[in-house]
Amino acid sequence: GDSVTQMEGPVTLSEEAFLTINCTYTATGYPSLFWYVQYPGEGLQLLLKATKADDKGSNKGFEATYRKETTSFHLEKGSVQVSDSAVYFCALSEWGAQKLVFGQGTRLTINP
Amino acid sequence: EAGVAQSPRYKIIEKRQSVAFWCNPISGHATLYWYQQILGQGPKLLIQFQNNGVVDDSQLPKDRFSAERLKGVDSTLKIQPAKLEDSAVYLCASSLDRRAGTGGSPLHFGNGTRLTVT
């Protein structure tokens, strides 16, 4: 079945550091790919998405590119802030399947 | 707009007891989801409703879990009897249309109910 694998956390960085959180997926068809973020005390919220190969999703300085050849959707940010501390989830959905399949999440902590 | 509302925020019960969670989605959202998030894992879909009909309940343990959305608005999820392995955060989400997972309107999540079974 479909699955998503994220790099294990927790990840701790200093402010203004470069961030990469790896995400790879296994799917039988052509899924849409998502990054969701969960800030402390809040619900999950969509950060960015990409619906086809080579698409780049971006939001709040974060970017991720849909790489079909490597089945990856790595999350990147050039300069992280303390306010980016959260848990990040990579997810996919097969076309027509509607439901989201999530990775296990990566906890990110940014120190000032 | 008001977000997805869930209650209670926390619940502690003993195994073999029953428990119910409530969710009120964003007004006008036809699709409602219940997810289970065990500590250290990503959310797993339990059941998806389109209005008051079930679209997907393939991962719902139907011997102990039940859910309803009688009027196509709010929903309840029940566990009876609870087991230790049911300890998790139960997330409710809603979306404007059923294509949310395929690039349609995004899912909006509530803050969840944290269940501890002792």
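Being a predicted model, the structure only gives us computed values, none of them experimental.

Participant: Sorry if this is basic, but what is going on with the environment of Arg114(B) here?
Facilitator: Residue and element names in this part refer to chain B. By the element assignment, Arg114 lies in strand β11 (residues 113-117). Given a relative accessible area of 43%, Arg114 falls into the partly exposed group. Each C-alpha atom of the pair Arg114 and Leu46 lies 16 Å from the other, and the pair is 68 residues apart in sequence. In this structure, Arg114 is in contact with Arg9, Tyr10, Lys11, Ala88 and Val89, ignoring residues within four places of it in sequence.

Participant: Any chance you could explain the sheet that holds strand β8 (residues 62-65) of chain A here in plain terms?
Facilitator: Sheet strands associate in pairs through backbone hydrogen bonding, adopting either a parallel or an antiparallel arrangement. Residue and element names in this part refer to chain A. The antiparallel open sheet is built from four strands, whose spatial order is β3-β9-β8-β7. Two strands close off the open sheet at either side, each with one partner strand: β3 (19-21) and β7 (56-59). Adjacent strand axes in the sheet meet at a mean angle of 20 degrees, parallel and antiparallel pairs treated alike. Two elements, β3 and strand β9 (residues 75-77), share three bridges in a ladder whose sense is antiparallel. Pairing of Ile21 across the sheet is with Leu75, part of β9.

Participant: Quick question: what am I supposed to make of the nonpolar core here?
Facilitator: Grouped burial of nonpolar side chains is what soluble globular proteins tend to show. All names here are of chain A. Counting residues in hydrophobic clusters, the biggest one holds 25 residues, and the most contacted among them are Trp35, Leu47, Leu48, Phe62, Phe73, Leu75 and Tyr88. Contributions of two or more residues to this core are made by β3, β4 (23-26), β5 (32-38), β6 (45-50), β8, β10 (86-93) and β12 (106-111). Among the elements that take part in this core, β10 stands out by supplying four residues, more than any other. In contact with Phe73, other than residues within four places in its own chain, are Cys23, Leu33, Phe34, Trp35, Leu48, Lys49, Ala50, Ala64, Thr65, Tyr66 and Cys90.

Participant: Help me understand the pairing of strand β4 (residues 31-37) of chain B in this model?
Facilitator: Within a regular strand, side chains alternate between the sheet's two faces. Residues and elements named next belong to chain B. Where burial is concerned, most of β4 is hidden: seven out of the seven residues are buried. By the bridge criterion, six bridges tie β4 to strand β5 (residues 44-50) in an arrangement that is antiparallel. Bridge pairing in β5 links Trp34 to Ile47. In this structure, the hairpin formed by β4 and β5 is closed by a connection of six residues, where Gly40 is found at a positive phi of approximately 85 degrees.

Participant: Would you mind showing me how to read the packing of aromatic side chains here?
Facilitator: The description of an aromatic ring pair uses the distance of the two centres, along with the angle that the planes make with each other. Scanning the entire structure with this criterion turns up twelve aromatic pairs over all chains. Here Tyr25(A) and Tyr66(A) contribute two aromatic rings whose centre-to-centre distance is 6.1 Å and whose plane-to-plane angle is 80 degrees, an arrangement assigned as edge-to-face. In this pair, Tyr25(A) is assigned in strand β4 and Tyr66(A) in the loop between β8 and β9, connecting sequence segments 41 residues apart. For the pair shown, Tyr25(A) and Tyr66(A) are each scored as buried. Judged by centre distance (5.6 Å) and plane angle (40 degrees), the rings of Phe62(A) and Tyr88(A) are tilted. Taken together, the positions of Phe62(A) in strand β8 and Tyr88(A) in strand β10 put the pair 26 residues apart, joining distant regions of the chain. Note on accessibility: Phe62(A) and Tyr88(A) belong to one class, buried. Above the ring of Tyr10(B), the side-chain terminus of Arg9(B) is found at 5.6 Å from the ring centroid.

So, how was this worked out
- Residues numbered from 1 in each chain as written.
- Chains lettered and ligands numbered in written order.
- Predicted model: local features only at pLDDT ≥ 70, side-chain atom pairs only at ≥ 80, totals over all residues.
- Heavy atoms only, no water.
- Helix = DSSP H or I, 4+ residues; strand = E, 2+ residues; numbered from the N terminus.
- Buried < 20%, exposed > 50% of the residue type's maximum accessible area, 1.4 Å probe, protein only.
- Contact = heavy atoms within 4.5 Å.
- Pairing = 2+ DSSP bridges.
- Axes fitted to C-alpha atoms, helices over the stretch in contact; angles between N-to-C directions.
- Core = buried A, V, L, I, M, F, W, Y, C linked by side-chain atoms within 4.5 Å.
- Phe/Tyr/Trp six-rings, centres within 6.5 Å; stacked < 30°, edge-to-face > 60°.
- Lys NZ or Arg CZ within 6 Å of the ring centre and 35° of its normal.

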